[in-house]
Each structure stands twice: as structure tokens, then as C-alpha cells.
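Okay, here's what each chain looks like letter by letter:
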Amino acid sequence: MKEVTDIQFANVDKFAVCMIASWYISNIGVLLLNKYLLSLWGFKYPIFLTMLHMLSCLILSVVIRLTGLVPRQHIRSRRHLFKVFVLSIVFVVSVVGGNISLRFIPVSFNQAIGATTPFFTALLSLCILRKKETAEVYITLVPVVIGIVLASNSEPLFHLWGFLACFTATFARALKSVLQGLLLTNENERLDSLNLLLFMSPSALAILSISSKIMEPLAFETMLSNCKSSRIFGFVLVVNCSIAFLVNLSNFMVTKCTSPLTLQVLGNAKGAVAVVVSILLFRNPVSSTGMIGYTITVFGVVFYSEAKKRSGKI
């Protein structure tokens, strides 16, 4: 009987490792492919690319829901639907902002700015939810801010619009987290990551379609032209859209087979891994001061996570 139990635990551990590996690959992969398409390839339509991501997420979310891999959850009322719609707007801003920034700044700088999300989350929680953290938590946010100031001042490829777009995306990401805690407080209204994605996708897709049509009128024709002239572009685009959904699926599966805290710890390390991989692939110049600044930010985020755990709020 003990041998059977040991085998079951081993299988669970292997599955968890596979899910964590897929989470890392998908998160870093979609980031690098976005950079490749938007910057190196020159497909300068971040809103349209985000729209394709959302279309992929909508289709694949429906498929996953039909397979029964995730529990079926439902929209309970018009009020519930409105709350999801509000979240979808903030979600669109965060994703589009991140993709716009990749047109202008390196992945390494993008991740350095993104690492400041806990700072904005704590600030917005205090302003919107009136939720105060312990003094220790606030102290750990100081190196997060100092690090990003150092990294920004010494970034060789600093671009104002790219910085502002990434700053907006980071702020919106934190705002979505806080609003999700505020709007979906009722136990009956809470949705897991995949069901929330499914219900946000239609409204997000509509917003992105209209925005792309107005702001990027040549995007669709350019995509068709690129696909006809290069099979590689079409292949990379399809892989990119598929991985965009895999990010959400792996996020759900890692949380399911480990814990939200584990996911947060993995997220802290993911940024550092993405920076190293992007520098090796894209060969973008980095300064020693910038790397020191980013390292300070990463350690600040790690200390923040530990402080939150000790305060019992994770």
C-alpha cells in the first residue's frame, strides 16, 4: 500500500514539475515572440497582435471548457457581468501597454519596470481598499523603487514612449489585481483564471477590434502580406497566439497543483530568467548600473513576498 502511495506522489510531483516548466516556457516564450514580431520583424501593430491573442484565448478557452479540464463557472447576474466587463477593460490596457512597450524598449528593461507591480498593488490597495500593510511590507518596497530608478537612468536604449507604455501596463496590472479583489468578493462571483479569461475575452476582443480598426487600419492587410511573403512569419504568429493562451492555462494548472504563493515565487524568478534569455538572444546593450538596479528591484520583490507571507496576507 505504501509503494502505491509513493508512486502516486511521484506522479503528482512529475506533473507539477511539467506544469511549472510549461508555465516558464509559455511566459518567457510569449514575451520573446512579442518582441520578435513587434520590434525585430517590424510588425508595428501591438493592438492588432493583442486582438489576435484574445481571439486565440476565446476559442481555446471554449475548447478547454468543453473538455471538462476546468470546472464550469457561470455569470450570475447583470451586475456580475458588468464587473467582469470593467476588469476586461483594465486587462486590455495592461496587455496592450506591455506590447506597445516592446516596440521601443528591450525585454530586460520591460521586465525591470514590470517588477514594480507590488509597489503599485500596495499603493492602490491603500487608496482603493483602505487596506494597510505592515511597516515591514512598506519598507521592502523601497528597494523596488530605488532599483527601477537606477535601471531607468542608466538604460542604454531608454525610450520615453516605451517607458510610459510599460509603466501604464504595470499600473493597470496592479489595478486589475486590486479591482478583482474588490469586485469579485462574493463567493458566488469568484472566478478562476481560465473562467475569468473566457468571460473577459468577448468584450476585450470587441474593444481591441474597434481600437485596431481605428488606430491600425493597415494591420490586417500587412499581416496577410507578411504571411504570403514568409511562411516563418505566419508560423511564428500562430505559435505566439497559442502560447498566449498557454500562459493562462499553465497559470491555472500551476495554482491547482501547487499554491498561489508558489506561483508568486515563480513569478519573481521568471523576470530574472526572461532578462538573461532576452539579453542572450537579442544582444541588447546593458549597463552595469542598470543590472545592479534591476537586481535590487528583484531582491526587493523577494523581500516583499516574504514580508507578505509573514504578515499572513498571502
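To start, this report covers the structure provided alongside it. (Residues numbered from 1 in each chain as written. Predicted model: local features only at pLDDT ≥ 70, side-chain atom pairs only at ≥ 80, totals over all residues. Heavy atoms only, no water.)

Our next topic: the overall build of the protein chain. For the protein chain, the helix and strand inventory stands at twelve helices and zero strands. Starting at the N terminus, the α and β elements of the protein chain follow one another as α-α-α-α-α-α-α-α-α-α-α-α. A compact globule built from 314 residues would reach a C-alpha radius of gyration of about 20 Å, and the protein chain, at 20 Å, matches this within 12%. Each principal axis of the C-alpha distribution contributes one length, and for the protein chain these read about 60 × 50 × 45 Å. The buried share of the protein chain, taken over its 314 residues, is 48%. For the protein chain, the share of sequence-separated contacts (at least 6 apart) that also reach a separation of at least 24 residues comes to 86%. By element, 69% of the accessible surface of the protein chain is carried by carbon and sulfur atoms, the whole surface being about 15,900 Å². (Helix = DSSP H or I, 4+ residues; strand = E, 2+ residues; numbered from the N terminus. Rg over C-alpha atoms; globule rule 2.2 N^0.38 Å. Buried < 20%, exposed > 50% of the residue type's maximum accessible area, 1.4 Å probe, protein only. Contact = heavy atoms within 4.5 Å. Areas by Shrake-Rupley, 256 points an atom, 1.4 Å probe, with all protein chains shown as cover.)

It is the contact of helix α5 (residues 117-128) with helix α6 (residues 135-153), at a shortest axis distance of 9 Å, that shows an interaxial angle of 135°. What the angle tells us is that α5 and α6 run oblique. Judged by the twist between their axes, the crossing of α5 over α6 is left-handed. Listed contacts from α6 to P118, F119, A122 and L126 of α5 are Y138, L141, V144 and V145. Across the contact of α5 with α6, the residue classes break down as eight nonpolar, no polar and no charged. (Axes fitted to C-alpha atoms, helices over the stretch in contact; angles between N-to-C directions. Parallel < 35°, antiparallel > 145°, perpendicular 65-115°, else oblique. Left-handed = near helix turned anticlockwise from the far one by under 90°. Nonpolar A, V, L, I, M, F, W, Y, C, P; charged D, E, K, R; others polar.)

Throughout the structure, instances matching the rule amount to two salt bridges. Here E189 and K83 are joined by a salt bridge, their closest N and O atoms 2.9 Å apart. Linking E189 in the loop between α7 (160-183) and α8 (193-215) with K83 in helix α3 (residues 78-104), this pair joins segments that are 106 residues apart in sequence. The exposure classification of E189 matches that of K83, with both residues buried. When the shortest N-O distance is used, the salt bridge between R310 and E136 registers 2.5 Å. A residue pair is termed long-range when its members are at least 10 positions apart, and R310 in helix α12 (residues 288-310) and E136 in helix α6 qualify at 174 residues. (Salt bridge = Lys/Arg side-chain N within 4 Å of Asp/Glu carboxyl O.)

F48 and L194 are the most contacted members of the largest nonpolar core, which has 64 residues in total. Broken down by element, the residue count for this core peaks at twelve residues, all from helix α10 (residues 231-257). Discounting chain neighbours no more than four positions away, the residues touching L194 are I64, V70, F245, N248, L249 and F252. (Core = buried A, V, L, I, M, F, W, Y, C linked by side-chain atoms within 4.5 Å.)

Looking at where S125 falls in the secondary structure, it is placed in helix α5. When residues no more than four places from it in sequence are discounted, the contact partners of S125 are R130, K131 and V178.

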